[in-house]
Structure formats: structure tokens, C-alpha cells
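What follows is the residue order along each chain.
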Amino acid sequence: MRVSALFSQTLYQAPSEADVISHQLLLRAGYIRQLGAGLFSFMPLGKRSMVKIEDIIRQGMDAIGGQEMEMPVVNPAEVWKRTNRWFEIGAEMARFKDRVGRDMVLAMTHEEVITDIALHEIRSYRQLPLMVYHIQTKFRDDPRPRAGLIRVREFRMKDSYTMDRSWEGLEKQYRAHYQAYFDIFRRCCVPCIAVKSDVGMMGGKMAHEFMYLTPIGEDTLLLCQQCGFSSNRQAACFVKEMPPAEAQLPLEEVFTPDCKTIAALAEFLRVPESKTAKAVFLIATISADNRDVEKFVLAILRGDMELNETKLVNAVKAKDLRPATEEEIRAHGIEPGYGSPIGAKDILVVVDDLIPQSPNLVGGANKPGFHCLNVNYGRDFGADIIVDIAAADEGCGCPQCGAPLHLSRGVEIGNIFQLGTRYSQAMGATFLDEDGQLKPIIMGSYGIGPGRLLACVAEEHHDERGLVMPISVAPYQVYMVPVPGKQMDTLAMAEKLYQDLKAVGVEVMLDDRDERPGVKFNDADLLGIPLRLVVGERALAEGGLELRRRDGKGGWLVPPDRAVELVREQIGRMLAEIEETVQPVDYSG
RNA sequence: CGGGGCGUAGCGCAGACCGGUAGCGCGCACGGUUCGGGACCGUGAGGUCGGCGGUUCAAGUCCGCCCGCCCCGACCA
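Residues numbered from 1 in each chain as written. Chains lettered and ligands numbered in written order. Predicted model: local features only at pLDDT ≥ 70, side-chain atom pairs only at ≥ 80, totals over all residues. Heavy atoms only, no water.

## A few points about the pairing of strand β2 (residues 39–42)
- Bridge count between strand β1 (residues 32–36) and β2: four bridges; the pairing is antiparallel. Within the sheet, the bridge partner assigned to Ile32 lies in β2 and is Phe42. (Pairing = 2+ DSSP bridges. Helix = DSSP H or I, 4+ residues; strand = E, 2+ residues; numbered from the N terminus.)

Here you go:
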């Protein structure tokens with residue numbers, strides 16, 4: 001590639017809307033351009049990196065027996081109605097009507113389509129197991145795109161789907177993906193950990209997310225340094241310390257002015273927050289018989305703990321959950337700020353499983369300015385559901401070893417789900433098993449977002465001069481800078497070398513622009529091309545060309561007649577360094 | 001959807017409080033001098049000041065509505 005002809009320029013200053021480093025650098029280096037909120041174009045440089053990332057993914061999927069295919073972005077709503085997700089998913093899914101007036105959707109994932117294909121294709125256990133994948137554009141109308149390529153609305157996504165006759169078969173394919181994902185991310189030089197996650201809208205049994213740890217991450221994780229346990233906060237359980245046993249004391253009303261928060265209440269009564277009960281009021285949308293019903297939910301947990309809304313959503317099987325307004329709270333006979341289930345009407349009470357073990361708590365009296373002392377579960381109030389709904393927090397006990405957990409932030413770069421039979425059952429994708437029984441196909445679903453991965457590469461590999469792209473995903477391998485000389489025709493020399501390198505398959509950029517050397521050096525650094533080759537009189541006088549690694553791990557003076565050979569050797573070495581990191585990992589199921 | 005910020009030349013910004021001929025730096029075009037880490041001099045092109053409406057003799061500036069982008073929250077790969 002001649003830099004003079006490259007479609008995209010480097011930017012001296014980053015546009016002001018970019019505030020995370022990967023966004024700024026990808027913009028400045030000319031890899032991407034923004035069209036709208038969460039909508040990005042990939043310029044030639046960015047596209048080349050994306051192709052490389054996608055090829056690494058292909059290689060990883062092919063290695064575990066995947067067959068690449070492609071499914072349509074536009075789906076008839078009908079298939080989504082069959083699994084009920086047409087009704088379950090909200091505004092996030094883009095819908096429209098075609099010219100005849102049929103409901104259509106822009107696919108945000110392809111479980112429905114693959115299951116529809118499977119139900120037509122798969123008849124016998126002899127056709128299983130199967131693993132297929134595709135890399136396709138998807139659209140999710142995210143309410144808040146942010147952080148450049150980290151969170152966008154339109155994005156490419158590798159999805160793979162497994163189909164098995166047994167749960168053991170699914171487990172095997174799940175584990176194969178687990179390893180393949182580590183291999184893929186290591187080839188892209190993005191460090192990551194696997195964490196247990198909530199199954200979310202996918203449904204299913206078991207799920208892991210692959211997380212790149214970074215403070216700009218949007219997911220909150222809990223990690224145990226003792227035993228290696230890790231979990232997304234949405235799914236994290238933890239060891240709850242049992243409060244000491246106490247005899248139940250008689251209920252007593254006390255005047256507690258201006259104590260609308262737990263902190264104020266604990267301060268006023270001089271009791272620890274763990275001796276109080278927190279009441280959280282929410283409106284859950286629950287769908288029953290294809291109709292949405294709004295249900296008023298009262299969640300009760302100890303004052304020292306926070307509500308984990310994901311756990312609550314799962315507990316009440318809600319499609320949506322939002323805080324209740326003051327009017328709604330009053331309508332159910334509850335006094336905001338002094339709320340309690342005592343005397344409340346027509347509500348669903350969900351109690352955290354620690355509450356029944358916690359005697360003599362301070363709770364609301366449902367009367368402005370009053371709380372009750374010695375509130376006890378069972379005696380003073382009951383529950384429709386008792387389940388863990390507390391959010392794990394910094395310092396909570398690890399569910400595996402009891403050591404304190406630590407909070408960390410991460411970006412999800414991949415996920416794997418054991419779907420089970422949710423989709424095959426809903427759509428009737430069955431096969432005839434060896435025993436003559438008709439059984440639903442047991443499925444798994446696995447995703448990786450290459451664009452987000454590119455952002456993480458940039459986030460992880462940069463310095464004050466710009467990107468430092470790993471050679472596995474860099475748009476080009478070598479950046480040549482001819483420095484005009486007085487005696488020698490360095491441009492002609494560079495031109496010859498450029499042709500020679502291209503001829504042996506080296507991906508090389510020749511900066512043939514009429515610019516000062518400083519400008520070229522700065523651009524070479526900003527683009528993050530792994531190797532830089534300078535053709536200039538100064539070094540030539542000392543016998544060679546300057547070959548330098550962008551990552552600072554080496555620089556050499558190479559004789560012109562050996563330049564091609566040494567460049568190739570260095571490329572091979574850099575690729576080998578990356579390949580060395582690809583190692584078997586322990587599966588932490 | 002709630003809270004906050006912003007929208008003026010390709011990019012970064014000033015001008016707005018206090019209405020009176022739209023500016024600066026970078027970039028771009030042309031000429032010249034330069035040429036190993038974002039050079040310098042000269043000349044020049046480039047703007048429906050996000051949109052619509054209102055107030056006014058006069059609106060980038062004041063008022064109203066709308067649109068877009070960013071950040072925090074809610075939500076999520």
C-alpha cells in the first residue's frame with residue numbers, strides 16, 4: 001500500500017466526543033469513522049484488522065469442527081414469535097414491516113434461524129453432533145451506545161451453534177469452545193478471564209463470559225484471588241455471614257424523623273446497618289399467556305446489602321423491572337421511606353434468604369416518621385418467595401473458598417451459553433434417537449464480537465505515540481519510510497524494496513508522500529504498524545537500513561541485500577511469540 | 001427513558017453573559033525556502049453559526065420547540 005493513496009488520514013487531534021483511548025486512537029489513526037450513535041464505518045486500515053481478527057476466529061472455530069455458513073440479517077417475525085422472543089424482547093430489537101405489511105426484524109442473534117434450519121435438516125441422531133458458525137452483521141438498538149467500538153448498535157458478530165443428542169455432547173462442545181476462545185483471544189493479544197454469567201435473554205443452563213479486565217469496562221465482576229473463582233456481578237452468589245442467634249423481642253414502634261435512608265436510620269438509632277431491613281419497591285412486567293401484566297414487587301433485604309436486580313428478575317420471571325413511583329407505592333398502602341410489608345396490599349413479596357436468619361431488625365412502620373424495632377420474619381411478615389437477591393460486593397465471602405471477593409471492571413469480548421432445549425423445544429427441532437424416541441436437539445450458542453475485540457486490542461496495546469498493534473491483527477506488517485537524501489536516491493531504493501517485499505507476501509506500506517520525515521515517523525507510530533523500515537542516507541552510511549519493532553523490543557541495522565530476508569524472519573519471530581502464548585487452560589466449570 | 005454537557009470551516013476551539021459586517025490554531029490549495037521525530041514565509045479557498053419558529057430596525061448571541069452527539073444512571077454482547 002502506498003500511503004499517498006490510502007483512503008483515510010491521520011488526525012492531529014481526536015474529535016472531542018471520543019473519550020476512551022481506544023476510540024481516540026482508532027479515530028486518529030484512521031481505522032474507523034463514526035456515522036451516528038453506535039454506528040461506525042471501518043476504513044481500509046480498520047477493515048484489514050477486522051478481517052484478520054475474523055480469520056483468527058475462523059481458524060479457531062474450524063479447529064474444533066465448526067462449519068462456516070451464513071444466515072440472513074432480516075428475519076420474518078414469525079420465527080421469533082415461535083420462541084416467544086418477539087414478545088419478550090423490548091425496544092432493543094429493531095422491527096419493521098415489509099411492503100406487504102408482514103412483521104420483520106433485524107436479527108440480533110440467530111438461535112431462531114438456526115433452529116428453524118435444524119428442524120428441517122435434522123432427523124436422526126446419526127446427523128449429530130454438529131457445530132456451525134457464521135460471522136454476520138447484527139443490530140441491537142442499544143439505549144446507550146458508548147466508548148467507541150466497545151458498545152455499538154450495529155456490529156459484526158461471530159455466532160456458533162452446537163447441536164447434540166445428549167447433555168454430555170453439549171458439555172464436550174462447550175468445553176471445546178471454552179478452550180478455543182482462549183486461543184482466539186491470545187492470538188489477538190487480548191488478555192482475558194472467563195467468568196460465570198447470568199443467562200439473560202438467551203435462556204439456558206450454564207454460561208460463561210470472557211472478560212478483558214479494564215477500568216473502562218461496563219460489567220462489574222467479582223474475583224477471588226485465593227481460589228480463582230470469578231463471576232459477573234449479575235450472577236455472583238457469595239457466602240452470607242450468619243448473624244448470631246437471638247431470642248425474638250416484642251415489636252415496638254419508634255419515632256424516627258427524617259430517616260428515609262438506611263444510613264440515616266442506622267445513624268439515628270445507633271444500630272449497625274446489618275440490623276436493619278431494606279425495602280425496595282419495583283414494578284415487574286411479567287408475561288403470562290402472551291399478555292404483559294404489571295406486578296408490584298416488594299424486595300426485602302438486609303440494610304447492609306444491595307439489591308441484585310438480575311437475581312430478582314430471575315426470581316419473579318420478569319421481562320422488565322423498574323423502580324416504582326411514589327404514587328404507585330402509596331397506592332399499595334405503603335409509606336415511601338418508611339415502607340414495610342406490614343399492612344401492604346396486593347403485592348409480591350420477595351425476601352432475601354438471609355432475612356429469615358436475621359432476628360430483631362429495624363423496619364419501616366408504614367407511617368411517616370416511624371419505624372419498628374424487632375421486626376422478625378415469620379412472626380411479623382411473610383413472603384411469596386424466599387431466595388438470594390443480594391448483590392455481591394467488595395469483600396463478600398467467596399462461594400468456593402470463603403476468601404474476600406474483589407470487585408473489578410471488564411469488557412465482555414465473548415460468551416458461551418448452554419442453551420439446552422429451550423429453542424429446539426419451542427420450535428419443534430427434534431431427532432429420532434437410537435432408542436426410537438423423538439427428542440429435542442440439545443443446543444449451545446457462542447458469540448464473539450470482532451469489533452469490540454479490536455477496541456480491546458487498541459485499549460491494551462498503545463503508548464503515548466499511538467497504537468502498538470500486535471502483528472497478528474495489524475493492518476500491515478511493515479511501514480517503510482524513505483528519507484530523501486542528497487547523494488542517494490533513497491526513494492528509488494525504497495520502491496525496489498517495496499516491490500520485493502510485496503512479491504514474497506509481506507504486507508507493507510510505503511510512505512511515498514512528499515512529507516518531512518518527522519511526519520512519516522509520527523504516522524508510522526500512530527498507526528501502530530509492528531515493523532518500521534527506514535531507508536535513509538544516515539543509516540546507509542553505516543551500512544544498512546533501520547529495522548525497528550514498534551513495541552520497542554528491538555532495532556537492527558540491516559544490509560540492503562538482506563532486508564527482505566531479515567524482515568520476513570522478524571515477522572516470523574513476532575508471530576511465533578504470540579503463538580507461544582496459546583496454551584491449554586483449565587476449565588473452571 | 002431520567003440527570004448533565006455540547007452543537008460556530010475537515011479537526012480542535014474562541015465569539016454568546018452585554019444583539020450591530022464570523023474569528024484563531026491545525027489541516028487543505030498555490031508559490032518559494034526547507035528536509036531524520038507533526039518546519040517556515042507569502043497568497044488563497046473553505047461557514048444556510050444543528051433545524052424551525054418567535055422577539056427586534058438588526059439574532060451565532062435573547063425566547064420557544066425540535067434534531068443530533070457525548071457523559072452519568074437505567075439497560076446490555
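Read on for the rest.
## A closer look at the protein's contact with RNA strand B
- Surrounding RNA strand B, one finds 45 residues, the nearest of these being Val152, Glu412, Arg452, Asp525 and Arg538.
- Counting only atoms of RNA strand B within 4 Å of the protein, the fraction found in sugar and phosphate groups is 48%.
- Between RNA strand B and Arg144, the relevant distance is 2.9 Å, taken from a phosphate oxygen to a side-chain nitrogen or oxygen of the residue.
- Glu546 is positioned with one of its side-chain polar atoms (N or O) 2.6 Å from a base nitrogen of RNA strand B.
- Elements supplying a minimum of two residues to the surface near RNA strand B: β1, β23 (406–420), α13 (517–527), β31 (531–535), α14 (537–541) and β32 (545–549). (Near = heavy atom within 4 Å. Polar contact = N/O pair within 3.5 Å; in protein donor to acceptor, adjacent residues only side chain to side chain.)

## Observations concerning the nonpolar core
- Tyr181, Phe185, Phe210, Ile413 and Met509 are the most contacted members of the largest nonpolar core, which totals 66 residues.
- Top contributing element to this core by residue count: helix α6 (residues 167–187), with eight residues.
- Inspection of this core shows a minimum of three residues originating in each of domain 1 (16–220 + 406–459) and domain 3 (476–580).
- Those residues in contact with Ile413 that lie beyond four places of it in its chain are Phe185, Val190, Cys192, Phe210, Tyr212, Gly447, Ile448, Gly449, Arg452, Leu453 and Cys456. (Core = buried A, V, L, I, M, F, W, Y, C linked by side-chain atoms within 4.5 Å. Buried < 20%, exposed > 50% of the residue type's maximum accessible area, 1.4 Å probe, protein only. Domains from an automatic or database assignment. Contact = heavy atoms within 4.5 Å.)

## Re the sheet that holds strand β29 (residues 478–482)
- Spatial strand order, β30-β29-β31-β32-β33: five strands in an open sheet with mixed pairing. Sheet topology places β30 (508–510) and β33 (555–558) at the edges, where each strand pairs with a single neighbour. Strand-to-strand twist across the sheet, computed as the mean angle between neighbouring axes with direction ignored, equals 20°.
- α13 rests against β29, β30 and β31 of the sheet, and its axis sits at about 175° to β29. (Axes fitted to C-alpha atoms, helices over the stretch in contact; angles between N-to-C directions.)

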